[in-house]
Amino acid sequence: MTHLLPRSRPQAQGVPAAAIARFVRALDDIPHVHTLTIARHGHVVAEFARPPYERDAPHALYSVSKSFTAIAVGLAIDERRFGLDDRVVDLLADLVPQHPSPRLEALRVRHLLTMTTGHDAEPWAEDDDWARGILTAELAFEPGTHWLYNTPATHLLSQIVQTRTGERLLDYLTPRLFEPLGIVAPTWLQNPVGVDAGGFGLSLRVEELAAFGQLLLQRGRWNDRQLVPAEWIDQATSRQVANGTPSGTSDWDQGYGFQFWMCRHGAYRADGAFGQYVVVLPEHDAVVTMTGGLADMALPLEALWEIVLPALDTVGEDAEVPAPRPIAPSGGERRDIEAAFEYDGPIRRLCVSATVLEIDGLELRFAPDGWVVGSAGPLLHRNRVYGDHVALSGGWQADTFVALLRALEDAVTFRLELTSEGRLTITRDVGFEGTHVWEGAPSAEPDQSGSAAVDHHSVVSP
């Protein structure tokens, strides 16, 4: 993949290599950190992709998407397509209820950006036209008086940009942001009526994410062009509203800007579920990006503050920066045993042979002592996972076949356990609903081919 930022030895940019080495080892102990990039003074000084993940593959950014939506809003405002304090009922007149409430009439673009809409719960609508459904939800508070993390509010921003510019977010940002930065073939999930989700759904490559962070650090300037007004970057990345106790130790209590989180230590960040981060440290001229599938998102930030931040511009010893420890494969052994089942669950049919796992007719190779990368689009899309590629490791451990499946372009992971009697357990470790376990029990004796049919399933949410 083409480098969008120059590379440099850490010491040359005032970052002791020994500190980076300690940081990498700390991240080794945090499950599911997929990639890391550290840039200082405009140069990448450290980067990794933890095998089996790859730096040149796109990765779902989840709510980091919100920060890109904020940039689109700023560009549209600069082009006078609408204003920061314009009323939502005027901008989306065709979508608002016939008799809007006084609070809805008071709702402005600024409130959507700062997540101070007045909702007391996220107003997700079951209607295919998300914006219309969101606008019918009751506002429990006066706009501007109550902060609530609100992904539907970001979708309304996407709807406004599309309504006022005639282009979906992705197309609007392509000539203004993506192409000048060197971002190639970004994708953004849409709602059923063709509006980009806005609050989630953007996928970029890791290098492209780091370039976005560097653009923020440079207040919207890239090479010799001002891509985004510096004043908008300043507003978006500064504390616009309180969302907790700034004197506390949580990076989720330091205030909120225009779709950006404030951090401790004078930093701010774009932040996505399961460990997608663009952390910008203006006082230190540094950017740190990460992708992952984390359960505890605070852990890598704590390691950043405790290990890297104090070491900047100190005289530290040189050291070789280690590669991250690869994610452990399943282990076990190969066997020429085949099992199959059918049931109404996330996987309807599965067969196991010595080297091939067949899931609903899709054949994926596996190995017990390593990861085999393959394409599994139909399976992943049915399970709400972005991307097409998976890494698979599997082997027989006693009488149970254990397969570990990782979506390489997303945070989601699956663990499959299939006994020789045909009993199946599927565990999804990361997802919007948290950890889920599906269980299938055989309803028939194995036939001569060693297959068993399963027609019962239960879903357990531990």
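Residues numbered from 1 in each chain as written. Predicted model: local features only at pLDDT ≥ 70, side-chain atom pairs only at ≥ 80, totals over all residues. Heavy atoms only, no water.

Enquirer: Help me get a handle on unusual backbone geometry, residues and values and all.
Expert: Note the cis peptide between Pro-51 and Pro-52, where omega equals 15°. Relative to the assigned elements, Pro-52 resides in the loop between strand S2 (43-49) and strand S3 (58-60). Phi at His-265 takes a positive value of approximately 65°, unusual for a residue other than glycine. Looking at the element boundaries, His-265 is found in the loop between strand S8 (261-262) and strand S9 (268-272). Judged by its relative accessible area of 40%, His-265 falls in the partly exposed class. (Helix = DSSP H or I, 4+ residues; strand = E, 2+ residues; numbered from the N terminus. Buried < 20%, exposed > 50% of the residue type's maximum accessible area, 1.4 Å probe, protein only.)

Enquirer: Break down the sheet that holds strand S14 (residues 362-365) for me, with residues and values.
Expert: An order of S12-S13-S14 is seen for the three strands of this open sheet, with the pairing classed as antiparallel. In this open sheet, the two strands that pair with only one neighbour each are strand S12 (350-352) and S14. With strand direction ignored, the average angle separating the axes of adjacent strands in the sheet is 20°. Bridge count for strand S13 (residues 356-359) against S14 is four bridges, and the pairing is antiparallel. (Pairing = 2+ DSSP bridges. Axes fitted to C-alpha atoms, helices over the stretch in contact; angles between N-to-C directions.)

Enquirer: Before we move on, can you summarise the confidence of the model for the protein with the specific residues and values?
Expert: Interpreting fine coordinate detail is not advised for predicted regions of low pLDDT. Looking at the protein as a whole, the pLDDT averages 89, with 88% of positions reaching at least 70. Confidence over residues 443-462 falls short of pLDDT 50; this stretch has 52 contacts with residues more than four positions distant or in other chains. (pLDDT = per-residue confidence, 0-100. Contact = heavy atoms within 4.5 Å.)

Enquirer: Before we move on, can you summarise the sheet that holds strand S4 (residues 187-188) with the specific residues and values?
Expert: In a beta sheet, neighbouring strands are held together by backbone hydrogen bonds and run either parallel or antiparallel to one another. One open sheet accounts for three strands, arranged S3-S5-S4; its pairing is antiparallel. The open sheet terminates on both sides in strands that have one partner only, identified here as S3 and S4. Where S3 meets strand S5 (residues 202-205), three bridges bridge the pair, whose relative direction is antiparallel. In the sheet register, His-59 faces S5, and the bridge partner there is Leu-204.

Enquirer: So what about the nonpolar core? Which residues, and what values?
Expert: Counting 71 residues, the largest nonpolar core has Phe-68 and Trp-232 as its most contacted members. Apart from the residues within four sequence positions on either side, Trp-232 is in contact with Ala-70, Ile-71, Val-73, Gly-74, Ile-77, Leu-84, Leu-113 and Phe-258. (Core = buried A, V, L, I, M, F, W, Y, C linked by side-chain atoms within 4.5 Å.)

Enquirer: Run through the pairing of strand S17 (residues 400-407), naming residues and quoting values.
Expert: In terms of burial, S17 is largely enclosed, as seven of its eight residues are buried. Note that strand S16 (residues 389-397) and S17 share eight bridges and pair antiparallel. Note on S17: the bridge partner recorded for Ser-393 is Leu-404. Hairpin remark: S16 followed by S17, antiparallel, with two residues in the connecting loop; positive phi at Ala-398, about 55°. Where S17 and strand S18 (residues 413-419) come together, seven bridges link them in antiparallel fashion. Within S18, the position partnered with Thr-400 by the bridge is Thr-419.

Enquirer: Can you break down helix H7 (residues 151-165) residue by residue, with the values?
Expert: In this model, H7 (15 residues) spans 21 Å end to end at C-alpha, consistent with the 21 Å of a helix rising 1.5 Å per residue. Most of H7 is tucked away: 12 of the 15 residues are buried. Along H7, the residues classified as buried are Thr-151, Pro-152, Ala-153, Thr-154, His-155, Leu-156, Leu-157, Ser-158, Gln-159, Ile-160, Val-161 and Thr-165. Contacts from the buried residues of H7 go to helix H2 (64-78), helix H3 (88-91), helix H5 (109-114), helix H6 (130-135) and helix H8 (169-181). In the stretch just after H7, Gly-166 is the one whose phi turns positive, near 80°. (Expected span 1.5 Å × (residues − 1).)

Enquirer: I'd like a rundown of the packing of aromatic side chains, residues and numbers included.
Expert: Under the definition given, this model contains 15 aromatic pairs. For the ring pair Tyr-62 and Phe-274, a centre distance of 5.1 Å and an interplane angle of 90° mean the geometry is edge-to-face. With Tyr-62 in the loop between S3 and H2 and Phe-274 in the loop between S9 and strand S10 (276-281), this residue pair connects regions lying 212 residues apart in the sequence. By relative accessible area, which is 4% here, Tyr-62 ends up buried. We classify Phe-274 as buried; its relative accessible area is 13%. Note on Phe-68 and Phe-178: the rings are 6.1 Å apart at their centroids and 35° apart in plane angle, and the pair reads as tilted. Placement of Phe-68 in helix H2 and of Phe-178 in helix H8 is noted, with a sequence separation of 110 residues between them. An identical accessibility class is assigned to Phe-68 and Phe-178; each is buried. Taken together, Trp-147, Tyr-149, Tyr-256 and Trp-261 form an aromatic cluster joined through their ring pairs. The ring of Trp-252 has Arg-269 sitting right over it, with the charged end atom 4.5 Å from the ring centre. (Phe/Tyr/Trp six-rings, centres within 6.5 Å; stacked < 30°, edge-to-face > 60°. Lys NZ or Arg CZ within 6 Å of the ring centre and 35° of its normal.)

Enquirer: Break down the environment of Glu-417 for me, citing the residues and quoting the values.
Expert: Summarising the element assignment, Glu-417 is placed in strand S18. Remark: the alpha-carbon pair of Glu-417 and Gln-397, spanning 20 residues in sequence, is separated by 9.8 Å. Residue contacts for Glu-417: discarding those within four places in its chain leaves Thr-400, Phe-401, Val-402, Arg-423, Leu-424 and Thr-425. In terms of polar contacts, Glu-417 uses its side chain to reach the side chain of Arg-415, at 2.7 Å. (Polar contact = N/O pair within 3.5 Å; in protein donor to acceptor, adjacent residues only side chain to side chain.)

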